[in-house]
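Single-letter residue listing:
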Amino acid sequence: MHRLRTTVVRLGPITATQTAKSQSQARSAAVGGALRTFQPIRSYTASVSAEPFLNGTSSNYVEEMYYAWLKNPRSVHKSWDIFFRNANAGAPPGAAYQSPPPLGGAALGLANAQAMVGVQPNVEKLVEDHLAVQSLVRAYQIRGHHVAQLDPLGIMAAIDPGPPPSDIITSNDKLEFYGLDESDLDKVFRLPTTTFIGGSESALPLREIIQRLEMAYCQSIGVEFMFINDLEQCQWIRQKFERPGIMQFTLEEKRTLLARMVRSTRFEEFLQRKWSSEKRFGLEGCESLIPALKTIIDKSSMNGVESIIMGMPHRGRLNVLANVIRKELDQIFCQFDSKLEAADEGSGDVKYHLGMWHRRINRVTDRNITLSLMANPSHLEAVDPVVQGKTKAEQFYCGDTEGNRVMSILLHGDAAFAGQGVVYETFHLSDLPSYTTHGTIHVVVNNQIGFTTDPRVARSSSYPTDVAKVVNAPIFHVNADDPEAVMYVCNVAAEWRATFHKDVVVDLVCYRRNGHNEMDEPMFTQPLMYKQIKKQKGVLKKYAEKLIAEGAVTRQEYEEEIAKYDKICEEAYARSKDEKILHIKHWLDSPWPGFFNVDGQPKSMTSPSTGLTEEELGHIGHIASSVPVEDFTIHGGLSRILKGRAAMVGQRVCDWALGEYMAFGSLLKEGTHIRLSGQDVERGTFSHRHHVLHDQNVDKRICIPMNHIAPNQAPYTVCNSSLSEYGVLGFELGFAMASPNALVLWEAQFGDFHNTAQCIIDQFICPGQAKWVRQNGIVLLLPHGMEGMGPEHSSARPERFLQMCNEDPDAYPKFSAEEFAVRQLYDCNWIIVNCSTPANYFHVLRRQILQPFRKPLIVFTPKSLLRHPDAKSSFDDMLPGTHFQRLIPDSGPVCEKPDGVKRIVFCTGKVYYELTRERKNRGMDDTVAIARIEQLSPFPFDQVKVETDRYPNADLVWCQEEHKNQGYYDYVKPRLRTTVDRTRPVWYAGRGPAAAPATGNKAAHLVELQRFLDTALNLDAFTGQS
Ligand SMILES: Cc1ncc(C[n+]2csc(CCOP(=O)(O)OP(=O)(O)O)c2C)c(N)n1
Ligand SMILES: [Mg+2]
């Protein structure tokens, strides 16, 4: 009874009052589902724990039976009913058990059942044997997959072969494990309610039981599901795999399957014939992937799904494009022509990385279905969260709250699925309210190898799919050389998703006929495996022979099917030769209908003013400082914060949080959906935001004032994320891909944490448009600043982002003055800002949506400025006609006599406030000008030039608080030099070079600060230097 005991103990507290309640109360409550809190179950476990026949695996079975009995005492055998009653009544160990009445023949389905069971003289032995059989059933359900015939090669490299589990009856001597022997094989046993092998029979001879269990669990399908802690789900799966006769297909289904295998196989063969020396990461050895995907799509379409978003790696991508998404074959074949010229931007990386979007009629269901394959980098599994984000967005925008209309399919390689951490991060998003896509179907192309590496050295888990267990996803391993088994599990997977809206994994155990790519020699590293592979007959041939033998098709029909598809390929090949131009825009995974003009260009090249009316500011300010629902008690500290906001609104000023509120509130009111996601974003890491109010008296009652701005406003989604950066940033990027009409923001807890999402930044955000022609307006909010908090939490690493800007530092852009700003923005790969005022932050957020194209926006956000008394903006800076200031010039006394200014200090971000304080202390307000570069990239050459021209006698200093090899210096210096045509030097005032982003010592931090401020404001600091 160990497991029962631990389960009960784990299941929660027992209060004194509850302990005192009567047993009858407890029983009825338990039936109602509140089982966990009641004492009598404990007394039950205590009293029966010493029962000699309840031990080991049988306890699991008894536990399930006990729960069934709690719900309905008649659902278990009379003997168990008596036993549980006695145990619950507190019978001492050994006394709860009473001999059951003889089993009635009518209850058994078989004629000889009564003879076998009813006359059993030793009832205790009868119970023991039944328990043994029930354990046996359970053993197959748990461990049957270990002996399933999953590996087409028969070498079992995919799974840790080991000896077969001792409780699976691979030979008669194994019966001993259960205290049974061959003489028991013909005895009839009543089947537990947790198996469906009986079909309509409730009892079967042991021999038949074993055979049916083998059929269910040890053939071409290995099912892993017994870790799922939901009885209904387990029962559902048992039914799907245990019922006799489930694996039967109509003639029509078999012929369709064969036709799909023909396409899949002949497509690769065609490519191999035409381009034998080209890499294509073919599917040979896993041809059944194509029918697998098509089965999932057909079944899902039948269940009402209208749009499927897919992500996949290199292996078989061309085949999926051709035979699943149905990209025109000539468009695929022409990708092999190296002379094809690109008609538009994009790196033309079509074959393995570009995406695709296609709406068509599903021939099986006659319903429309949209299939998109997401563009992806070579970084395996990086696309997983992106697919999920886009899926979530599509569900959100079509009001599909249950995931009935839009779903995702993710394909994986075995090595990558096991090895890449982002797989785990993505699984952990799968059931979170703001991130769930209501079930993803994962398909693993498990060719038992990753490049040249064997599974035994590539993973510690026995299967590559074990990661899926963390979310209780059932895992269906299937021998990919058995196409019917593949089709069956894919059907079940699609039904599972439609029924439970949870993830599921199909593990196609296959092999890789060639090397990693077609040019590789696999015999160098896997000689024995490849000797076996060379002997391996192709799955199409095997399946065709099977169907021909069965009479399901004739050889002639089979050959005609092949000839038909080969002809299609040849014709497409001929057409592909006429293609001279590659239109990368035809390979978009997420078109934005209506956003661009017909040529794919922005509809205009102007942005309207991002300002708001006084009234709008006042209204949003009021919402930001109030609780817009009745009877809602907020925390006293928060009341003070809201009062402070109200006071600011009264004085017509904004702090950082209020500036953000104004931007969000106004965009929502104008119909733009906003989604802000990241760790603790709802309150804000620095407790400044408070976008979600919590009732102090009612658990989980919340209020989001931002959703109370206006009656027809767009919805605001603000969501604390799981503690993940890679996964969550990928997800938000995917969300932002779905529509240009949403402001999607991801905030890092501290800016430095973005580095665990570096892959998404490097592979998608920075080069996404250049590689895949797809713009993306995602916003990254990265708290940044040297506050003496030590090397951690200080730097969002601006240098990294700046280094990846596509702008030429040595060339002054040749744009007209009117179009300078917008043209620069249009050309850049991303926008990088470090705003020093709430108003500018407000404007840049609004500009992100009001500008006529989309670019990623990286915002280095402040920490101490959130509450800095000077870092406030007047409403005047946010009124109609105002806009984002790329550079904020000095507006102080220096303006009066610019000729007398000796120095211009250029800076960005919070150091501005430290510089102005120091300048004031030194009485240098009229000799040193301080200009803030708010938009670092694209660099505001034009506005910097205005400043350098304004102060002709000033030397130029770049001041930053970051270390010299970090921050902005290396980026800004050549640009400043270009701006002044290299006529003036650019001096540096800041911390020296260092390996860490900041000192861990507060005193040292302050000394360093004072030292570089001295340099910045000492007019002789650079005298004599060159
Ligand atoms: C993150 C990442 N690391 C390394 C690679 C290089 N790489 C490309 S394919 C491959 C093997 C992948 O094995 P598997 O996932 O089993 O897929 P298969 O090629 O066998 O279909 C490796 C290591 C990569 N593309 N991405
Ligand atoms: Mg592999």
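The notes below deal with the structure included here. Quick caveat, the model's predicted, so the values are computed rather than measured. (Residues numbered from 1 in each chain as written. Chains lettered and ligands numbered in written order. Predicted model: local features only at pLDDT ≥ 70, side-chain atom pairs only at ≥ 80, totals over all residues. Heavy atoms only, no water.)

1. What about the packing of helix H11 (residues 251-274) against helix H21 (residues 539-550)?
Here comes step 1: Direction vectors running N to C along H11 and H21 enclose 155 degrees, while the axes themselves pass 10 Å from each other. By the angle between their directions, the pair H11 and H21 is classed as roughly antiparallel. Here H11 and H21 pass one another in a crossing that is left-handed. For the pair H11 and H21, the contacting residues are Lys254, Leu257, Leu258, Met261, Val262 and Thr265 in the first and Val539, Leu540, Tyr543, Ala544, Leu547 and Glu550 in the second. (Axes fitted to C-alpha atoms, helices over the stretch in contact; angles between N-to-C directions. Helix = DSSP H or I, 4+ residues; strand = E, 2+ residues; numbered from the N terminus. Parallel < 35°, antiparallel > 145°, perpendicular 65-115°, else oblique. Left-handed = near helix turned anticlockwise from the far one by under 90°. Contact = heavy atoms within 4.5 Å.)

2. Focus on the site of ligand 1
Here comes step 1: Taken together, 15 residues surround ligand 1, and among them His314, Arg315, Ser378, Asp414 and Ala415 come closest.
Here comes step 2: With respect to ligand 1, the side chain of aspartate 414 contributes an N or O atom lying 2.5 Å from an oxygen atom.
Here comes step 3: In the model, an oxygen atom of ligand 1 is placed 3.0 Å from a nitrogen or oxygen of the asparagine 447 side chain.
Here comes step 4: Within the complex, 75% of the 580 Å² of free accessible area of ligand 1 lies under protein.
Here comes step 5: In terms of residues, the shell around ligand 1 owes the most to one element, helix H16 (residues 414-419), which gives 3 residues. (Near = heavy atom within 4 Å. Polar contact = N/O pair within 3.5 Å; in protein donor to acceptor, adjacent residues only side chain to side chain. Areas by Shrake-Rupley, 256 points an atom, 1.4 Å probe, with all protein chains shown as cover.)

3. Looking at the coordination of the magnesium ion (ligand 2)
Here comes step 1: Coordination sphere of the magnesium ion (ligand 2), protein contribution only: Asp414 (OD), Asn447 (OD1) and Ile449 (O), at 2.0 Å.
Here comes step 2: Binding-site remark: the magnesium ion (ligand 2) is held by donors from one chain whose sequence spacing is D-x32-N-x1-I.
Here comes step 3: With a relative accessible area of 5%, asparagine 447 lands in the buried category.
Here comes step 4: Taking the relative accessible area as the measure of exposure, isoleucine 449 reaches 4% and is therefore buried. (Donors = N, O, S within 2.8 Å, 3.2 Å for Na, K, Ca; no water. Buried < 20%, exposed > 50% of the residue type's maximum accessible area, 1.4 Å probe, protein only.)

4. Structural notes on a negative patch on the surface
Here comes step 1: A surface patch of like charges, here negative, comprises Asp173, Glu176, Asp181 and Glu182.
Here comes step 2: Topologically, glutamate 176 is positioned in the loop between helix H8 (123-143) and strand S1 (188-190).
Here comes step 3: Of the residues examined, glutamate 176 reaches a relative accessible area of 63% and is grouped as exposed. (Patch = residues over 30% accessible without salt bridge, like charges linked within 9 Å, V, L, I, M, F, W, Y side chains within 5 Å. Salt bridge = Lys/Arg side-chain N within 4 Å of Asp/Glu carboxyl O. Lys, Arg positive; Asp, Glu negative; His and termini not counted. Charge placed at Lys NZ, Arg CZ, Asp CG, Glu CD.)

5. Some thoughts on the pattern of salt bridges
Here comes step 1: Counting across every chain of the model gives 55 salt bridges.
Here comes step 2: For glutamate 571, the salt bridge goes to lysine 567, with nearest N and O atoms at 3.3 Å. Of the two residues, glutamate 571 and lysine 567 both sit in helix H22 (residues 555-576), 4 residues apart, roughly one turn of that helix.
Here comes step 3: A single salt-bridge network, built from bridges that share partners, covers Lys254, Glu484, Lys546 and Glu550.

The quantities given are spatial measurements derived from coordinates; they are silent on function.
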